[in-house]
Amino acid sequence: MTLPPLTALRAFDCAARHGSFTRAGAELGVTAAAVSLQVRALEDHFGRQLFLRQGNRLTLTDAGRAIQPRVDLAFAELAHLAQDLGQEVGAARLVLSCLPSLADHWLLPRLAGFARLAELDLRVEDDPVDLAGGAVRLTYGAHFYPDHRIETLFTDEIIAVAAPGVGRARLVHTDWGPSHAAAPSWRRWYHEAGIAEVPAPGLRVGQTAMALAAARAGLGAALVPARLAMADLRAGLIERLPGPSLPMPWPYVMVWKPSTRRARLTAELLVHLREG
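Values in this document were obtained by computation on a predicted structure and should not be read as measured data.

(A) Region of the structure containing unusual backbone geometry. For the bond from Asp-127 to Pro-128, the omega torsion is -5 degrees, close enough to zero to count as cis. Looking at the secondary structure, you find Pro-128 in the loop between β4 (120–124) and β5 (136–140). We note that Asp-147 has phi near 65 degrees; this positive angle belongs to a residue other than glycine. On the secondary structure map, Asp-147 appears in the loop between β5 and β6 (149–154).

Below, the structure is given as structure tokens:
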């Protein structure tokens with residue numbers, strides 16, 4: 001078996017994370033041209049194009065997307081090996097920080113079967129969160145976390161739901177906060193549905209989890225992310241109302257600092273959450 005050059009894999013990994021040969025070179029302490037040559041050598045080795053080059057912008061091809069998570073895991077394994085051989089491995093747990101609604105309605109069921117669950121310290125909190133201590137953040141969008149490693153978990157859409165038989169007689173309004181541009185609203189949902197009337201006033205809540213709880217309790221129809229409502233929909237506690245879905249402009253993401261000491265655990269958690 002002919003193994004690919006380690007330096008070429010490292011150059012590919014950095015370029016994939018940064019989307020730029022220039023920024024990858026800055027991390028590695030080499031020129032952008034050197035990174036480009038190493039990536040070209042890796043493409044020659046595999047016989048596949050790994051990036052689409054559009055000026056200064058890099059986009060992973062299908063082949064690049066296929067190998068990037070495996071390369072990431074391989075480097076995480078090497079980092080873990082280095083810790084085992086030459087460094088003291090701390091007993092501290094990996095802090096997993098999560099939005100309240102995402103924790104309640106997506107994360108906890110998804111953690112089932114994760115082999116290293118006992119090494120996690122789950123904390124539920126709103127953005128922004130300081131990740132300087134090596135924590136991992138699960139959140140919506142990444143605008144609070146420049147210069148961090150950002151990986152998409154899933155994208156979602158907003159749907160209208162209510163307890164069985166409630167319909168749109170009453171409405172629950174969610175305050176998404178000032179950081180959400182073009183926040184979903186009943187006014188927008190009515191417009192997309194072609195309904196001319198003005199949405200009625202109703203209970204206002206500050207979190208998706210509260211909107212779902214209000215809908216389950218029969219307090220009115222609510223606009224909620226479809227993936228977060230899935231368990232309640234399957235259980236028959238709520239039902240989807242006829243009408244449009246509103247695309248959410250940003251994905252739900254996993255965020256951490258590239259310098260984390262728990263690289264292997266972080267990489268394994270990312271793979272599990274995507275596949276779980």
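(B) Focus on the pairing of β4. Two elements, strand β3 (residues 94–98) and β4, share five bridges in a ladder whose sense is parallel. Looking at the pairing, Val-95 lines up with Asp-121 of β4. Following the backbone out of β3, through helix α5 (residues 100–110) and into the adjacent parallel β4, one traces a crossover that is right-handed.

(C) How the structure looks around the pattern of salt bridges. One pass over the full model with this rule turns up 18 salt bridges. For Glu-27, the salt bridge is made with Arg-10, and the minimal N-O distance between the two is 3.6 Å. Within this pair, whereas Glu-27 is found in helix α2 (residues 21–28), its partner Arg-10 is found in helix α1 (residues 6–18), the two being separated by 17 residues in sequence. By relative accessible area, which is 36% here, Glu-27 ends up partly exposed. For Arg-10, a relative accessible area of 31% puts it in the partly exposed group. Close ionic contact of Arg-262 with Glu-119 constitutes a salt bridge, the shortest N to O distance being 2.8 Å. Of this pair, Arg-262 sits in the loop between β13 (252–256) and α9 (263–275) while Glu-119 sits in the loop between α5 and β4; the two residues are 143 residues apart in sequence, bridging distant segments of the chain.

(D) Region of the structure containing the confidence of the model for the protein. Residues of the protein with pLDDT of at least 70 account for 93%, and the chain-wide mean is 89. Mean pLDDT per element in the protein: helix α4 (residues 62–86) is the minimum at 79, and strand β7 (residues 157–162) is the maximum at 98.

(E) Structural view of the sheet that holds β13. Read across the sheet, five strands follow the order β4-β3-β5-β13-β6 without closing on themselves; strand pairing throughout is mixed. Either end of the sheet is taken by a strand with one partner, and the two such strands are β4 and β6. Averaged over all pairs of adjacent strands, the angle between strand axes in this sheet comes to 20 degrees, irrespective of strand direction. Pairing geometry for β3 and β5, over three bridges, is parallel. Paired with Leu-96 across the two strands is Val-136, which belongs to β5.

(F) Representation of the packing of α1 against α2 in the model. Relative to each other, α1 and α2 sit at 125 degrees, their axes nearing to 8 Å. Taken together, the axes of α1 and α2 are oblique relative to one another. For α1 against α2, the interelement crossing comes out right-handed. Residues Arg-10, Ala-11, Cys-14, Ala-15, Arg-17 and His-18 of α1 form the contact with α2, whose participating residues are Phe-21, Arg-23, Ala-24, Glu-27 and Leu-28.

(G) Molecular detail of the packing of α1 against helix α3 (residues 32–46). At a minimum axis separation of 8 Å, α1 and α3 run at an interaxial angle of 110 degrees. It follows from the interaxial angle that α1 and α3 lie roughly perpendicular. Relative to α3, α1 is oriented so that their crossing is left-handed. From α1, Thr-7, Ala-8, Leu-9, Ala-11, Phe-12 and Ala-15 reach across to α3, where they touch Val-35, Gln-38, Val-39 and Leu-42. Residues that form the contact of α1 with α3 fall into these classes: eight nonpolar, two polar and no charged.

(H) Molecular detail of the side chain of Gln-68. Among the structural elements, Gln-68 can be located in helix α4. Leave out the neighbours within four places in its chain, and Gln-68 touches Phe-12, Asp-13, Ala-16, Leu-60, Arg-149 and Glu-151.

(I) Highlighting the nonpolar core. Leu-102, Leu-138, Met-254 and Leu-273 are the most contacted members of the largest nonpolar core, which has 39 residues in total. Residue assignment for this core shows that the elements contributing at least two residues are β3, α5, β5, β6, β7, α6 (186–193), β13 and α9. Beyond its immediate stretch of four places on either side in the chain, Met-254 contacts Val-136, Arg-137, Leu-138, Arg-149, Ile-150, Glu-151, Leu-153, Thr-266, Leu-269, Leu-270 and Leu-273. Within the second largest apolar cluster, 18 residues are counted, among which are Ala-11, Ala-24, Val-39 and Leu-50.

Conventions used here
Residues numbered from 1 in each chain as written. Predicted model: local features only at pLDDT ≥ 70, side-chain atom pairs only at ≥ 80, totals over all residues. Heavy atoms only, no water. Helix = DSSP H or I, 4+ residues; strand = E, 2+ residues; numbered from the N terminus. Pairing = 2+ DSSP bridges. Right-handed = clockwise from strand over helix to strand, strands pointing away. Salt bridge = Lys/Arg side-chain N within 4 Å of Asp/Glu carboxyl O. Buried < 20%, exposed > 50% of the residue type's maximum accessible area, 1.4 Å probe, protein only. pLDDT = per-residue confidence, 0-100. Axes fitted to C-alpha atoms, helices over the stretch in contact; angles between N-to-C directions. Parallel < 35°, antiparallel > 145°, perpendicular 65-115°, else oblique. Left-handed = near helix turned anticlockwise from the far one by under 90°. Contact = heavy atoms within 4.5 Å. Nonpolar A, V, L, I, M, F, W, Y, C, P; charged D, E, K, R; others polar. Core = buried A, V, L, I, M, F, W, Y, C linked by side-chain atoms within 4.5 Å.

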